[in-house]
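Each chain, letter by letter, is given below.
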Protein chains: 2
Amino acid sequence: MTLGQKIRELRENAGLKQRELAYQLGIGEGFLSKVENDQKPLKRDDLSKLSKLFKTPIDELDSLWLANKVYSIVRDEESALTALKVAEEQLKYKNFKNA
Amino acid sequence: MTLGQKIRELRENAGLKQRELAYQLGIGEGFLSKVENDQKPLKRDDLSKLSKLFKTPIDELDSLWLANKVYSIVRDEESALTALKVAEEQLKYKNFKNA
DNA sequence: TGTACTTGTCCTAATTTGGTCAAAAATAAT
DNA sequence: ATTATTTTTGACCAAATTAGGACAAGTACA
């Protein structure tokens, strides 16, 4: 599940057209289309708008947003998976240190 | 193990001073210091120089380089770990599709 | 045909990259 | 205890990249 997929799901379940949601967010429908197709990143502040609009927890949106960012940098990389593993270890080590 | 740590290890095992290695790479010693402390990213092209210089496989350097980049964006994030997991899933899904 | 969505081109503004240089701090040598 | 060497840090900078869109034209489809 990507952020774009999630947004589309929320929007469709709410019975909204792209143009309508785009208006709520203050962006154009073309841009929203790209966001839903994960071709453009959504401004992070807009996540809270989505959260309120669709009454969905912001945490999930936020981690999807971050995941998209991560994915976009490893997407075409040979060593993508190993890099993720290494990053994860570094993260755990840091959390361990500051525990 | 981060890229900076790896570079320092390689350099010290080769008995080089920062200034010497920095010269080989065509950068200043101050910058190299920051690289070894993971405060600045190293230019990706320089990895091959390191690989040749220290006769160490480029793959490892490369994945450490990428891991650093990933880590730098999730480092201070609340949802860091979940985001990594999600990104990993997206990656596996993509590899599955194009298999 | 009309409505909804997608895609390509283009743009500005913000951020990141990839450094330099000098000063400060730490370490080693005398 | 000084001095010399090595490393770290802070401030700054230009260049490259990404963010965050707009807009028009193209597609899909009922």
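Each remark here, short or long, concerns the structure printed above.
If you're wondering where the values come from, they're calculated on a predicted model, not measured in any experiment.

Cut-offs and rules
- Residues numbered from 1 in each chain as written.
- Chains lettered and ligands numbered in written order.
- Predicted model: local features only at pLDDT ≥ 70, side-chain atom pairs only at ≥ 80, totals over all residues.
- Heavy atoms only, no water.
- Helix = DSSP H or I, 4+ residues; strand = E, 2+ residues; numbered from the N terminus.
- Buried < 20%, exposed > 50% of the residue type's maximum accessible area, 1.4 Å probe, protein only.
- Contact = heavy atoms within 4.5 Å.
- Near = heavy atom within 4 Å.
- Polar contact = N/O pair within 3.5 Å; in protein donor to acceptor, adjacent residues only side chain to side chain.
- Nonpolar A, V, L, I, M, F, W, Y, C, P; charged D, E, K, R; others polar.
- Axes fitted to C-alpha atoms, helices over the stretch in contact; angles between N-to-C directions.
- Least-squares fit on C-alpha atoms with pLDDT ≥ 70 in both.

All names here are of chain A. By secondary structure assignment, the location of Thr 56 is in the loop between helix 4 (46-54) and helix 5 (58-74). For Thr 56, a relative accessible area of 10% translates into the label buried. The sequence separation of Thr 56 and Leu 66 amounts to ten residues, and the corresponding C-alpha distance is 17 Å. In this structure, Thr 56 is in contact with Leu 10, Leu 50, Ser 51 and Leu 61, ignoring residues within four places of it in sequence.

Taken together, 19 residues surround DNA strand C, and among them Arg8(A), Gln18(A), Arg19(A), Lys34(A) and Gly28(B) come closest. Atoms of DNA strand C within 4 Å of the protein belong to the sugar or the phosphate in 59% of instances, the rest to bases. With respect to DNA strand C, the side chain of Arg19(A) contributes an N or O atom lying 2.4 Å from a phosphate oxygen. Those elements giving two or more residues to the surface near DNA strand C turn out to be helix 1 (3-13), helix 2 (18-25) and helix 3 (29-36) of chain A together with helix 3 (29-36) of chain B. Broken down by element, the residue count for the surface near DNA strand C peaks at four residues, all from helix 3 of chain A. Class assignment of the residues belonging to the surface near DNA strand C gives a composition of three nonpolar, six polar and ten charged.

Glancing now at the packing of helix 1 (residues 3-13) of chain B against helix 5 (residues 58-74) of chain B. All names here are of chain B. Look at helix 1 against helix 5: their axes get within 9 Å of each other, and the N-to-C directions meet at 145°. On helix 5, the residues that touch Leu 3, Lys 6 and Leu 10 of helix 1 are Glu 60, Leu 61, Leu 64, Trp 65 and Asn 68. Here the residues of the contact of helix 1 with helix 5 sort into five nonpolar, one polar and two charged.

Residues and elements named next belong to chain B. Taken together, 19 residues lie near DNA strand D, and Arg 8, Gln 18, Arg 19, Glu 29 and Lys 34 sit nearest. By atom count, sugar and phosphate contribute 58% of the portion of DNA strand D lying within 4 Å of the protein. One of the side-chain nitrogen or oxygen atoms of Arg 8 is found 2.7 Å away from a phosphate oxygen of DNA strand D. Measuring from a base oxygen of DNA strand D, one finds a side-chain N or O atom of Lys 34 at 2.5 Å.

When you line up the elements, Leu84(A) lands in helix 6 (residues 80-97). The buried category is assigned to Leu84(A), whose relative accessible area is 0%. Filtering out sequence-adjacent residues up to four positions away, Leu84(A) remains in contact with Val70(A), Val74(A), Val70(B), Leu84(B), Ala87(B), Glu88(B) and Leu91(B).

Look at the two chain copies: a rotation about an axis and a shift along it is all it takes to match them. For the pair chain A and chain B, the relating rotation is 180°, the translation along its axis is 0.0 Å, and the fit reaches an RMSD of 0.1 Å. The relationship between the two copies is best expressed as a two-fold rotation axis. Residue Val70(A) of chain A places its C-alpha closer to the rotation axis than any other residue of that unit, at 3.1 Å. Of the residues that chain A buries at the interface, 100% are likewise interface residues in chain B, meaning the two copies contact each other through the same surface.

Before going further, it helps to spend a moment on the side chain of Gln18(A). Residues and elements named next belong to chain A. Along the chain, Gln 18 turns up in helix 2. Owing to a relative accessible area of 18%, Gln 18 belongs among the buried residues under this scheme. Sequence-distant contacts of Gln 18, that is, excluding residues within four places in its chain, are made with Arg 8, Arg 11, Glu 29, Leu 32, Ser 33 and Glu 36.

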